[in-house]
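# Understanding the architecture of this molecule
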Amino acid sequence: MFEEQPLGCLVKRHIGGGTPSRQMKSFWKGPIPWASVKDFKDDQVSLSETEEYISPEGLSASASNLIPENTVVICSRMAVGRAAITALPIAINQDLKALFARDGMDERYLLRLLHWVKVEAEKKAVGSTVKGIRIADLLALEVPIAPEDEQPAIANILDTLDTQIRQTEAIIAKLQQVKQGLLHDLLTRGIDENGQLRPPCEQAPELYKESPLGWIPKEWRVSAASEFCTGIIDCKNRTPPESPDDYAVIKTSNIKQGVLIEDGLTYTDERSYQIWTARGEPKAGDVVITREAPIGESFIIEPTMPKMCLGQRMMLYRPDLQKARPEFLHLSIMFELTQRRLLDLAGGSTVGHVRVGDVRDFLFSLPETQEQRRIEKYAGNIKGRLSFELLELQKLKKQKAGLMDDLLTGRVRVTELIEQQHQAS
């Protein structure tokens, strides 16, 4: 185990920042990047760009400071504990603090310690409306400190994992773009009996008809969910109590980009499970949908998944397989135009909610089930690749969390990992 010391032992000095007057237009839109809390995300490593920029006059006329490249900056108000290293000289506002590492200390290692101690920093934050942490309280937090010669190696290992995470996130973003483009064609034009995309409506208007959802192929129909589902089940108005039993509780936070994230599921006891499934027990083939925070996330319950009940803000569709296939319904929910319609029902706000009745009455365009199968097959390759990358991202983040805990506490020495790598090669 490493020696426990206050975080301040690693910092030789710190400075804050300020905001130029908003009344002076000449102070803004200059060449100097100016950072605020909104430029920081959880687990961020590099601070390379900002939403706002200021002029040299704005910098000199305010309490803002220009922070040099390769300096750790941390949020001390609002998003307390978020931190990153400057990739270029950046001015900062009053909600941030620049921490200058002690001589001999690796800045990247200091950043990792700040990420690791973020939860403790949040606990120390005070304030009735906007929470903040005093710099003295932050620097007083006890942290395990590695020998100086091991710090760069620890940072390198975690940097490598972060690079893999960023690359995987970029792949996912690209696949999401490709998927939405493909879904637009599949869910507005469909696949004919010859296995081909129909030509667009502009090129072959005779193949289409007007509907409440716009132009759709003539063979399709528009139906409310209640017309093609044998059941539409709403959750109770609260989430069941947690227990170590085997009954999973599906919450909105467990669904990301059309996939159930099983790592992070909470569980409840059998009695609570019976109460929370009194309206209907979720089963394989049901399509779960969120109606609030966020709106419109969805996944299909698979036979291999644990028994589950719906947490707060969740509903599910149980489609009649003679009318709608679960996979097609799921694709339809994840379609960008569907997401916009759901957002409109929530008043145009991502923090709004869709009413239970709106979920029941929500309109979908449906081809015959044979064409639904063809559309599913066409979309299958991109969906499979996306699911694989999402699972890879989940594994990498879990691996990083475990390694951070092991390496930063000294439970696993970086020298041991390096030796294992050499033996494996």
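Structure first, text after, so check above.
Here is a short report on the structure shown in this document. (Residues numbered from 1 in each chain as written. Predicted model: local features only at pLDDT ≥ 70, side-chain atom pairs only at ≥ 80, totals over all residues. Heavy atoms only, no water.)

## Thoughts on the pairing of strand 10 (residues 96–101)
Counting buried positions along strand 10 gives six out of six residues, so the element sits mostly inside the fold. Pairing of strand 2 (residues 11–15) with strand 10 involves four bridges; the strand directions are antiparallel. For Val11, the partnering residue across the bridge sits in strand 10 and is Ala101. Across four bridges, strand 7 (residues 72–75) lies against strand 10 in antiparallel orientation. Note on strand 10: the bridge partner recorded for Val72 is Leu99. (Buried < 20%, exposed > 50% of the residue type's maximum accessible area, 1.4 Å probe, protein only. Helix = DSSP H or I, 4+ residues; strand = E, 2+ residues; numbered from the N terminus. Pairing = 2+ DSSP bridges.)

## Describing the sheet that holds strand 2
Pairing in this open sheet of five strands is mixed, and the strands run 2-10-7-8-4 from one edge to the other. Each end of this open sheet is capped by a strand with a single partner; those strands are strand 2 and strand 4 (46–47). The pairing of strand 7 with strand 8 (residues 83–86) spans three bridges and is antiparallel. Paired with Val73 across the bridge in strand 8 is Ala84. Running over the sheet, helix 2 (residues 107–116) touches strand 2, strand 7, strand 8 and strand 10 and is turned about 165 degrees from strand 8. (Contact = heavy atoms within 4.5 Å. Axes fitted to C-alpha atoms, helices over the stretch in contact; angles between N-to-C directions.)

## Re the pairing of strand 20 (residues 287–291)
Within strand 20, five of the five residues are buried, leaving the element largely enclosed by the surrounding structure. The alternating pattern of strand 20 places Val287, Ile289 and Arg291 and Val288 and Thr290 on opposite faces, both of which are buried. In terms of strand pairing, strand 20 meets strand 23 (residues 314–319) through four bridges, oriented antiparallel. Directly across from Ile289, in strand 23, lies its bridge partner Met315.

## Focus: the side chain of Gln151
Summarising the element assignment, Gln151 is placed in helix 5 (residues 151–188). The class of Gln151 is buried, set by a relative accessible area of 0%. In contact with Gln151, other than residues within four places in its own chain, are Gly104, Met105, Asp106, Tyr109, Ile145 and Ala146.

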